[in-house]
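Structural characterization, general
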Amino acid sequence: MSLSEDDVRHIAKLAAIAISDEEIPVIQGQLNDIFASIEKLQEVSTRGVTPTSHVHGVTNISREDVIQDSLSIEALQKNAPDFRNGSFVVPKIIG
Amino acid sequence: MKMTTPDSNSMCALSIMQMRDGLLSGMFTSETLVQAHLDRIEETNKLFNSFITIDSEGALRVAKDADLAIKTKGEKTPILTGIPVGIKDLIVTENIRTTAGSKILENFIPPYDATTIKKLREAGAVIIGKLNLDEFGMGSSNEQSAYGCVRNPWDTERVSGGSSGGSAVAVSIGQVPISLGTDTGGSIRQPASLSGVVGIRPTYGRVSRYGGIAYASSLDQIGTFGRSVEDTAISLQVISGVDPKDSTSMAVNVPDYLSELRASKGKGLKGIRVGVPREFFVDGMSPDVRTNIENSLKTLEKLGATLVEISLPHMEYSLAVYYIVAPAEASSNLARYDGVKYGYRTNKPASLSEMYAKTRAEGFGAEVKRRILIGTYVLSAGYYDAYYKKAQAARTLITNDFKLAFNNSCDVIAGPVSPTTAFKIGEKTTSPLEMYLADIFTIPVNLAGLPGLSVPSGFDSKKLPIGLQLIGPAFSESLLFRVGQEFSDAVEFPLNEKAMAGAVS
């Protein structure tokens, strides 16, 4: 399989990463090289094989539903790019 | 052990137990010991670039507390009391900047400690600072760091290996005696091998990943570096164990690695069956590495071990599986860097979607973007079954190959860590695919969730270090340390005298 320039644009949009028109052919070439090597996987038969989730077979771990300590708003806001009146501030979403 | 009071330089070459003896006997204080290491960092960091952030003030404060504790409690103080450690900058440290080697976290000051950091602090360790790495752990040469590459201590024109390049080099040149790293596809073992130190990637679930910045959650593990197997084992002991905050960590008893190592020291390897996978000796390995590994196997045999040829038939699919699973998980894990709650945000975005896209475009480096794009694609509609699910099934086959080998044929597996020794800075940066091949012998271990130890095994013709990789069944770190120590004692790999004496510039 091979990705077109439009495929690269589409993936970048899904990944929410802005890429410039100049970058596209470079990224396209590199991704196609990588995908060509990944194609090797299609050689191996995996019929009836259970896909790995936790490598040692651990499944759901549960605990009592009790309130635990969490970080304070004061601690969390220190790293925020824009924090006002107890809220994280972002550009307007709904006009 | 009798020692004369060491000067500042030789203090930085001591083992953990020598440091502890010196502290407990009052030969030197933790403050002196920490200051000696800070001085070493001051002298060497400009060239090697192994530390991104140095917390001198915090370190000296903890050192003073340690001196007080040693005065009052002596031998009852925990094992790392007053001893300096370095931390890969992918593990969060409360109030010490943590960048993940990325511009996107340039000013991030974590409000909490990772579990491994909490455990180090409880063991009395003095955290000196944060070590350089490939951005988010994605790389094999430390050239993908937003804070510059790390130089190899044996040849400063060459790479340190990666992604935990800073962690390996800092230990090699005496900036710290031990350090923490992370290993998702070889990021502890490969830089350990290229820089000539010992590194352990423990079993998946042995060490809590809470507070380790996630790259590929089903493959990531935190582990340790040291100048000897013993130092590496002592530090792994401290950070191991199940953690309610990481539900993938496992409640498996943590042995006393140090006592077991001391009990087995010098007793050889009689009765140990060492599996040698024929798939490890195919094309692509440099002739010097091949010769060294063949000699290393002979050394194991001389120590009493039996060599057994084994086969890992699905190993050839490891790279393909890894470059689906790891980017897929990365694309999901790194979705959180959106400029909203922490980290970098682009300047004056016109809309929310523009804020996301520009923040990520400006904040992430090329390799990180590449892996996010690969992962986004393989998880996108219509491709999930063909790529991700298929890869996870092939992963089961790779894991089963190892299980079969350990059940039927051998106790440990031995082979190379890396197909080549350290390459030149800039040599592989134009071809991402070529760089990926650097991890061909380490990746299968991550896919199978097994422990792997890298032990220095000699030099190539250019005097660059080579490492032997020892792989064991899940939770067999003790056995790997035992084999690694006997091997290491037989090989007598030297300390990097020039770098340790501060003579490299």
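Now for a description of the structure that goes with this document. (Residues numbered from 1 in each chain as written. Chains lettered and ligands numbered in written order. Predicted model: local features only at pLDDT ≥ 70, side-chain atom pairs only at ≥ 80, totals over all residues. Heavy atoms only, no water.)

Things to note about the overall build of chain B
Along the backbone of chain B there are 18 helices and 13 strands. Computed over its C-alpha atoms, the radius of gyration of chain B comes to 22 Å, within 12% of the 23 Å expected for a compact globule of 505 residues. For chain B, the spread of C-alpha atoms along the three principal axes comes to 70 × 60 × 45 Å. The proportion of buried residues among the 505 residues of chain B is 66%. (Helix = DSSP H or I, 4+ residues; strand = E, 2+ residues; numbered from the N terminus. Rg over C-alpha atoms; globule rule 2.2 N^0.38 Å. Buried < 20%, exposed > 50% of the residue type's maximum accessible area, 1.4 Å probe, protein only.)

Some remarks on the packing of aromatic side chains
For any pair of aromatic rings, geometry is given as the distance between the ring centres together with the angle between the planes. All names here are of chain B. Applying the stated criterion across every chain yields a total of 20 aromatic pairs over all chains. Consider the rings of Phe 108 and Tyr 342, whose centres lie 5.4 Å apart with planes at 40 degrees: the pair is tilted. Here Phe 108 is found in the loop between β2 (84-88) and α5 (115-122), whereas its partner Tyr 342 is found in the loop between α11 (318-333) and α12 (352-363), with 234 residues between them in sequence. Judged by its relative accessible area of 11%, Phe 108 is buried. Ring geometry for Tyr 384 against Tyr 388: centres 5.6 Å apart, planes inclined by 35 degrees, an arrangement best described as tilted. Classification of Tyr 384 as partly exposed rests on a relative accessible area of 37%. Accessibility expressed as a relative area gives 14% for Tyr 388, which makes it buried. Above the face of the Tyr 344 ring, Lys 103 is positioned so that its terminal group lies 4.9 Å from the ring centre. (Phe/Tyr/Trp six-rings, centres within 6.5 Å; stacked < 30°, edge-to-face > 60°. Lys NZ or Arg CZ within 6 Å of the ring centre and 35° of its normal.)

Quick word on the sheet that holds β2 of chain B
Residue and element names in this part refer to chain B. As summarised here, the arrangement of the 11 strands in space is β1-β3-β2-β6-β8-β7-β12-β13-β11-β9-β10, forming an open sheet in which the pairing is mixed. The open sheet is flanked by β1 (51-54) and β10 (306-310), the only strands paired with a single partner. Geometrically, the sheet is characterised by an average inter-axis angle of 30 degrees between neighbouring strands, direction not taken into account. Packed onto the sheet, helix α3 (residues 30-48) meets β1, β2 and β3 (126-131) and runs at close to 15 degrees relative to β3. (Pairing = 2+ DSSP bridges. Axes fitted to C-alpha atoms, helices over the stretch in contact; angles between N-to-C directions. Contact = heavy atoms within 4.5 Å.)

Focus on the packing of helix α8 (residues 229-239) of chain B against helix α17 (residues 477-491) of chain B
Residue and element names in this part refer to chain B. For the pair α8 and α17, the least separation of the axes is 9 Å and the interaxial angle reads 160 degrees. Looking at the two axes, α8 sits roughly antiparallel to α17. As for how α8 packs across α17, the hand of that crossing is left-handed. Two secondary-structure elements touch here, α8 through Val 229, Glu 230, Thr 232, Ala 233 and Leu 236 and α17 through Glu 477, Phe 481, Gly 484, Gln 485 and Ser 488. Tallied by class, residues from the contact of α8 with α17 come to four nonpolar, four polar and two charged. (Parallel < 35°, antiparallel > 145°, perpendicular 65-115°, else oblique. Left-handed = near helix turned anticlockwise from the far one by under 90°. Nonpolar A, V, L, I, M, F, W, Y, C, P; charged D, E, K, R; others polar.)

Brief notes about the pattern of salt bridges
Summed over all chains, the structure comprises 22 salt bridges over all chains. A salt bridge links Arg 9 of chain A to Glu 5 of chain A; the nearest nitrogen and oxygen atoms lie 4.0 Å apart. Taken together, the residues span about one helical turn, with Arg 9 of chain A and Glu 5 of chain A both in helix α1 (residues 5-14) at a distance of four residues. The partly exposed category is assigned to Glu 5 of chain A, whose relative accessible area is 34%. Linking Arg 40 of chain B and Glu 43 of chain B is a salt bridge whose minimum nitrogen-to-oxygen distance equals 3.8 Å. Of the two residues, Arg 40 of chain B and Glu 43 of chain B both sit in helix α3, three residues apart, roughly one turn of that helix. Taking relative accessible area as the criterion, Arg 40 of chain B reaches 1% and is therefore assigned buried. Given a relative accessible area of 54%, Glu 43 of chain B falls into the exposed group. Counted as one network, the salt bridges with shared partners bring together Glu 5, Asp 6, Arg 9 and Asp 21 of chain A. (Salt bridge = Lys/Arg side-chain N within 4 Å of Asp/Glu carboxyl O.)

Considerations on the pairing of strand β12 (residues 452-459) of chain B
Residue and element names in this part refer to chain B. In terms of burial, β12 is a largely internal element, seven of the eight residues being buried. Sheet analysis places strand β7 (residues 198-201) next to β12, joined by three bridges and oriented antiparallel. Bridge pairing links Gly 199 to Ser 454 in β12. Between β12 and strand β13 (residues 465-471), which follow one another and run antiparallel, lie five residues, and Lys 463 among them has a positive phi close to 70 degrees.

What about the environment of Ala 391 of chain B?
Inspection of the secondary structure assignment puts Ala 391 of chain B in helix α14 (residues 385-408). With residues up to four places along the chain from it excluded, the contact list for Ala 391 of chain B reads Leu 41 of chain A together with Val 321, Ile 324 and Val 325 of chain B.

As for helix α4 (residues 56-73) of chain B
All names here are of chain B. Taking 1.5 Å per residue as the helical rise, α4 with its 18 residues ought to reach 26 Å, and the 25 Å between its terminal C-alpha atoms agrees with that figure. Residues of α4 that are buried: Gly 58, Ala 59, Ala 63, Ala 66, Asp 67, Ala 69 and Ile 70. Of the surrounding secondary structure, the elements contacted by the buried residues of α4 are α2 (16-24), α3 and β3. Following α4 by one or two positions, Gly 74 adopts a phi angle in the positive range, close to 55 degrees. (Expected span 1.5 Å × (residues − 1).)

Looking at the interface of chain B and chain A
How big an interface is tends to be expressed through the accessible area that disappears when the partners come together. Each partner contributes to the interface: chain B provides 63 residues, whereas chain A provides 48 residues. A combined buried area of about 4600 Å² lies between chain B and chain A, and 72% of that area is made up of carbon and sulfur atoms. Connecting chain B to chain A are one salt bridge. The partner of Lys 40 of chain A in a salt bridge is Glu 316 of chain B, and the shortest N-O contact between them spans 2.9 Å. Between the two partners, chain B and chain A, sit 18 residue pairs in polar contact (both at pLDDT 80 or more). For the side of chain B that touches chain A, the elements supplying multiple residues, two or more each, are α11, α12, α13 (366-379), α14 and α15 (432-436) of chain B. With 12 residues, the top contributor of residues to the side of chain B that touches chain A is α14 of chain B. When its residues are assigned to classes, the side of chain B that touches chain A shows 37 nonpolar, 16 polar and 10 charged. (Buried area = accessible area lost by both parts, 1.4 Å probe. Polar contact = N/O pair within 3.5 Å; in protein donor to acceptor, adjacent residues only side chain to side chain.)

As for the side chain of Glu 329 of chain B
Residues and elements named next belong to chain B. Mapped onto the elements of the fold, Glu 329 is located in helix α11. Despite its burial, Glu 329 remains without a salt bridge, the nearest opposite charge being carried by Arg 395 at 4.7 Å. Excluding anything up to four places from it in sequence, Glu 329 contacts Tyr 215, Ala 216, Ser 217, Ser 218, Leu 219, Tyr 388 and Gln 392. (Lys, Arg positive; Asp, Glu negative; His and termini not counted.)

A few points about a nonpolar patch on the surface
A grouping of Leu 71, Leu 76 and Phe 88 of chain A is seen on the molecular surface, where their side chains present a nonpolar patch of about 230 Å² in accessible area. With relative accessibility at 38%, the residue Leu 71 of chain A sits in the partly exposed group. (Patch = residues over 30% accessible without salt bridge, like charges linked within 9 Å, V, L, I, M, F, W, Y side chains within 5 Å. Areas by Shrake-Rupley, 256 points an atom, 1.4 Å probe, with all protein chains shown as cover.)

Considering the nonpolar core
For soluble globular proteins, the rule of thumb is that nonpolar side chains tend to be buried together. Residues and elements named next belong to chain B. Residues Leu 120, Phe 136 and Leu 300 are the most contacted members of the largest nonpolar core, which totals 134 residues. The dominant element in this core, judged by the number of residues it contributes, is α11, at 10 residues. Setting aside its immediate chain neighbours within four residues, Leu 120 contacts Leu 80, Val 85, Ile 87, Ala 125, Leu 180, Val 238 and Ile 239. Counting residues in hydrophobic clusters, the runner-up holds 17 residues, among them Val 34, Leu 38, Ala 59 and Ala 168. (Core = buried A, V, L, I, M, F, W, Y, C linked by side-chain atoms within 4.5 Å.)

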